[in-house]
Each structure stands twice: as C-alpha cells, then as structure tokens.
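# Tertiary structure, described
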Amino acid sequence: MTEGLERWYGGGDLHFITCSCYHRQAQLASPERRDLFLRVLEQARTRYRFVVVGYVIMPEHFHLLITELEVGDPSVVMKVVKERFTKLLHRDGLSGGPIWQKRFYDFNVCSSEKHIEKLRYMHRNPVKRGLVAAPEDWKWSSFNAYACHEEYLVRVNCQEWPLTVTYSQSRVQSFQNRG
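Rules used throughout
Residues numbered from 1 in each chain as written. Predicted model: local features only at pLDDT ≥ 70, side-chain atom pairs only at ≥ 80, totals over all residues. Heavy atoms only, no water. Helix = DSSP H or I, 4+ residues; strand = E, 2+ residues; numbered from the N terminus. Polar contact = N/O pair within 3.5 Å; in protein donor to acceptor, adjacent residues only side chain to side chain. Buried < 20%, exposed > 50% of the residue type's maximum accessible area, 1.4 Å probe, protein only. Axes fitted to C-alpha atoms, helices over the stretch in contact; angles between N-to-C directions. Parallel < 35°, antiparallel > 145°, perpendicular 65-115°, else oblique. Left-handed = near helix turned anticlockwise from the far one by under 90°. Contact = heavy atoms within 4.5 Å. Nonpolar A, V, L, I, M, F, W, Y, C, P; charged D, E, K, R; others polar.

## Some details on the side chain of H15
Position of H15 relative to the elements: it lies in strand β1 (residues 14-20). A polar contact of 2.8 Å, which involves the side chain of H15, links it to the side chain of E68.

## A look at the environment of K79
Note on placement: K79 falls in helix α2 (residues 74-91). Given the relative accessible area of 52%, K79 is considered exposed. On a C-alpha basis, the gap between K79 and K102 in space is 9.3 Å, while along the polypeptide they are 23 residues apart.

## Observations regarding the packing of helix α1 (residues 31-48) against α2
Between α1 and α2, the shortest axis-to-axis distance is 10 Å and the interhelical angle comes to 140 degrees. Here α1 is positioned oblique relative to α2, judged by the angle of their axes. Crossing hand, α1 versus α2: right-handed. Here R33, L36, F37, V40, L41, Q43, A44 and Y48 of α1 lie close against α2, whose contacting residues are V76, V77, V80, V81, R84, F85, L88 and L89. The residue makeup of the contact of α1 with α2, split by class, is 13 nonpolar, one polar and two charged.

Here it is in structure tokens:
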C-alpha cells in the first residue's frame with residue numbers, strides 16, 4: 001500500500017470512492033466508453049457481491065458509493081474494474097496508453113447524513129460541471145434509479161444474495177479508535 005494511505009474495511013460502512021483518469025484526461029468522454037465502464041462495474045457487482053448505492057461517471061473521473069463486499073474488499077473491486085475496462089479498450093484498439101491514475105480515494109461513510117451528502121454530490125456533479133441542465137438529464141448516474149425507479153446498466157440498491165459480511169471485533173475497535 002502507498003505510504004500514508006490508510007483504508008478502513010470490515011466495519012460495515014459504505015465506501016465513497018473516487019477514481020480519476022490518467023492526468024485527468026477525458027477517457028470517459030464518449031457515451032460508448034461510459035456505457036462500457038458501467039457494464040464492467042455491473043459484472044464486478046455481481047461477481048464480488050456488493051451493493052451499488054450510487055454512482056456517477058464523468059468524462060475524466062467517477063464516483064461510487066458502495067457497500068462492503070462479500071467477496072474481497074473495495075480495493076480488489078477497483079483493481080478489477082480498472083484493469084478489465086483498460087483491457088477491453090486496448091483489445092479493441094480504442095486506447096494505447098494508460099487510462100487510470102494508480103490510486104483511488106476511499107472515504108468511509110458512517111452516517112445517514114454523509115450517505116445523503118455523497119449521493120447529492122454525485123448526482124449534482126454533471127450539472128455543476130455544465131454537462132446537463134438537470135441531474136435527470138445525465139444518463140450515467142444513479143439519479144434516475146432514485147427519482148424515477150429506472151435502472152440503466154448498473155443495478156442500484158439491489159442485492160440478489162444474502163449479505164454476510166463478517167469482521168473481527170478487534171478490527172471494529174481499531175476502526176472506531178482511528179483518528
């Protein structure tokens with residue numbers, strides 16, 4: 001792990017994840033690439049058994065709000081999603097260079113207030129950036145799953161399996177006492 005970077009898993013929190021494209025290049029600028037990314041994310045969601053609470057795909061970065069995984073942890077999912085997406089682009093000759101920054105930002109969401117704050121932030125991001133006039137106009141976010149109960153390529157707040165996240169009491173104590 002990178003020096004100074006701490007990730008806290010095992011406490012049952014939601015994880016607000018931000019990942020940027022290499023040098024903030026607009027690798028996700030086209031609708032086709034955003035759709036491809038969402039298909040890769042949905043495959044990872046079902047394979048690693050986590051719930052996508054919210055997402056937004058922007059031209060040069062993405063945000064996810066996800067649960068802890070039943071299989072692996074968010075670092076594993078980020079590695080798999082980024083590698084799979086990159087392989088698909090390279091295989092199809094759509095890109096030859098790096099796609100992603102090596103690291104990603106992961107913020108533990110421990111309260112309902114932060115949960116709502118992060119969802120609002122994600123859903124308003126395309127409007128704030130001037131990509132659309134209203135959140136419902138950006139097809140590559142979870143906004144319409146909440147507002148209109150419409151699913152796109154990623155199932156939101158969907159869990160087709162019984163979630164059995166396990167963790168040790170010592171890990172919970174460590175998480176609660178961090179600071």
